[in-house]
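# Geometric and topological summary
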Amino acid sequence: MQIYVFLGAPGAGKGTAAARIANDADIHHVSTGAMLRDAVKNGTPAGLSAKKYMDKGTLVPDQVLVDMLGELLSTSKKDATIILDGFPRNENQALQLDELAAKHGATVKAAIDIEAPNELLISRLGGRRVCPSCGMGYHVTNMPPKREGVCDKCGTALITRNDDKPETIKKRLEVYAEQTAPLIGLYKKAGKLRTVNGADEADKVAKKIAAIIKG
Ligand code: AMP
């Protein structure tokens, strides 16, 4: 099992790039944010405990994520290639990922940091819309749906995520700077860091990352 960690602040384009790459190849896109949103929607115990942190823009306790990820790795095929979009998000999670990988015969091949300036992140997050039914993401100006406010794929009315409100966006960017950004140095030290420019157009970002994964 090969794991590629996607680093980058909220709004850098991790989910967009991962979805495009996974669409074109036999690669499994694992978004911990999406898994948590599903858990909230389904009212599971993990979802019930996660919701208050997500609504505030802070991190959900590590153990909730470690349990979710352990279950995922234990059910993944031995030859799977997995993109981790949104995990790890702090140093403890990075250590736990190494332990889980060792336990399940997986290797963290690279950490791909998608870099983008703060002003761009804020405008992207503020204009983001998602389909509550199929999870497809849009942006009011950069990536609008064909019919305003309606999902191209399944016709459901689009929504703004609770945590894409201005005060929560600010908090999420602070949490990223304090807790997640230090992982860039950690993976650099381990010789696993690759950096791409997240300000580029979405297709270009996805192509660059796909090339890194293909090797
Ligand atoms: P995302 O969709 O990746 O922006 O994640 C949305 C929210 O889910 C985050 O703001 C956190 O509250 C929570 N979350 C997602 N991944 C993690 C993680 N690895 N550790 C803790 N909380 C997470």
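Below: a short report on this structure. These figures come from a predicted structure and were not determined experimentally.

Moving on, we come to the overall build of the protein chain. Along its length, the protein chain carries nine helices and seven strands. Seen through its principal axes, the protein chain has C-alpha atoms that stretch 45 × 40 × 35 Å. For the protein chain, with 215 residues in total, the buried portion stands at 45%. When contacts within the protein chain are restricted to residue pairs at least 6 apart in sequence, those whose partners lie at least 24 apart make up 71%. In the protein chain, which carries 31 positive and 25 negative side-chain charges, the distance between the mean positions of the two groups comes to 2 Å.

Next up on the list: helix 5 (residues 91–103). With 13 residues, helix 5 should cover 18 Å at 1.5 Å per step; its first-to-last C-alpha distance of 19 Å lies within 8% of that length. Looking at the packing, one finds that the buried side of helix 5 touches strand 1 (2–7), helix 4 (62–75), strand 3 (81–85), strand 4 (107–115) and helix 8 (182–189). The opening residue of helix 5 is Asn90, an N-cap whose side-chain oxygen sits 3.3 Å from the backbone nitrogen of Asn92. Backbone geometry just downstream of helix 5 places Gly105 in the positive-phi region, at approximately 65°.

Let us now look at the nonpolar core. The biggest cluster of nonpolar side chains holds 29 residues, and the ones touching the most others in it are Ile3, Val5, Leu36, Ile82, Leu84, Leu97 and Tyr187. Counting residues per element, the ones that place at least two in this core are strand 1, helix 3 (45–56), helix 4, strand 3, helix 5, strand 4 and helix 8. The leading source of residues in this core is helix 4, at seven residues. Excluding residues that lie within four positions of it along the chain, Ile82 makes contacts with Met1, Gln2, Ile3, Tyr4, His28, Val30, Leu72, Leu73 and Ser76. Formed by 24 residues, the second largest nonpolar core is a distinct cluster that contains Ala18, Ile21, Leu121 and Ile209.

So, about the state of the cysteines. When the sulfur atoms of two cysteines share a covalent bond, that bond is a disulfide. Taken as a whole and assessed by the stated rule, the structure comprises zero disulfides. No disulfide involves Cys134; its nearest neighbouring cysteine sulfur is the one of Cys151, lying 3.7 Å away. Look at Cys134 and you get partly exposed, because its relative accessible area is 34%.

Glancing now at the environment of Pro144. If you trace the backbone, Pro144 turns up in the loop between strand 6 (137–139) and helix 7 (166–180). Given a relative accessible area of 46%, Pro144 falls into the partly exposed group. In this structure, the C-alpha to C-alpha distance between Pro144 and Gly127, residues 17 residues apart in sequence, is 9.7 Å. Here Pro144 is in contact with Tyr138 and His139, once residues within four sequence places are set aside.

Let's shift gears to the packing of helix 5 against helix 8. One way to put it is that helix 5 packs onto helix 8 with a least axis distance of 10 Å and a crossing angle of 40°. Here helix 5 contributes Glu91, Ala94 and Leu97 to the contact with helix 8, which in turn contributes Pro182, Leu183, Leu186 and Tyr187. Residues that form the contact of helix 5 with helix 8 fall into these classes: six nonpolar, no polar and one charged.

Our focus in this paragraph is the site of the ligand. Contacts to the ligand come from 16 residues, most closely from Thr32, Arg37, Thr58, Gly86 and Gln93. Taking Arg37, its side chain carries an N or O atom lying 2.9 Å from an oxygen atom of the ligand. Gln93 has a polar side-chain atom sitting 2.9 Å from a nitrogen atom of the ligand. Taking 480 Å² as the accessible area of the ligand by itself, protein coverage stands at 96%. Broken down by element, the shell around the ligand gets its largest block of residues, four residues, from helix 2 (residues 32–42). Of the residues that constitute the shell around the ligand, the class distribution is six nonpolar, five polar and five charged.

Moving on, we come to the side chain of Thr32. In this structure, Thr32 sits in helix 2. Not counting chain neighbours up to four residues away, the residues in contact with Thr32 comprise Leu65, Met68, Asp85, Gly86, Phe87 and Arg89.

Quick notes on the rules
Residues numbered from 1 in each chain as written. Predicted model: local features only at pLDDT ≥ 70, side-chain atom pairs only at ≥ 80, totals over all residues. Heavy atoms only, no water. Helix = DSSP H or I, 4+ residues; strand = E, 2+ residues; numbered from the N terminus. Buried < 20%, exposed > 50% of the residue type's maximum accessible area, 1.4 Å probe, protein only. Contact = heavy atoms within 4.5 Å. Lys, Arg positive; Asp, Glu negative; His and termini not counted. Charge placed at Lys NZ, Arg CZ, Asp CG, Glu CD. Expected span 1.5 Å × (residues − 1). Polar contact = N/O pair within 3.5 Å; in protein donor to acceptor, adjacent residues only side chain to side chain. Core = buried A, V, L, I, M, F, W, Y, C linked by side-chain atoms within 4.5 Å. Disulfide = S-S within 2.5 Å. Axes fitted to C-alpha atoms, helices over the stretch in contact; angles between N-to-C directions. Nonpolar A, V, L, I, M, F, W, Y, C, P; charged D, E, K, R; others polar. Near = heavy atom within 4 Å. Areas by Shrake-Rupley, 256 points an atom, 1.4 Å probe, with all protein chains shown as cover.

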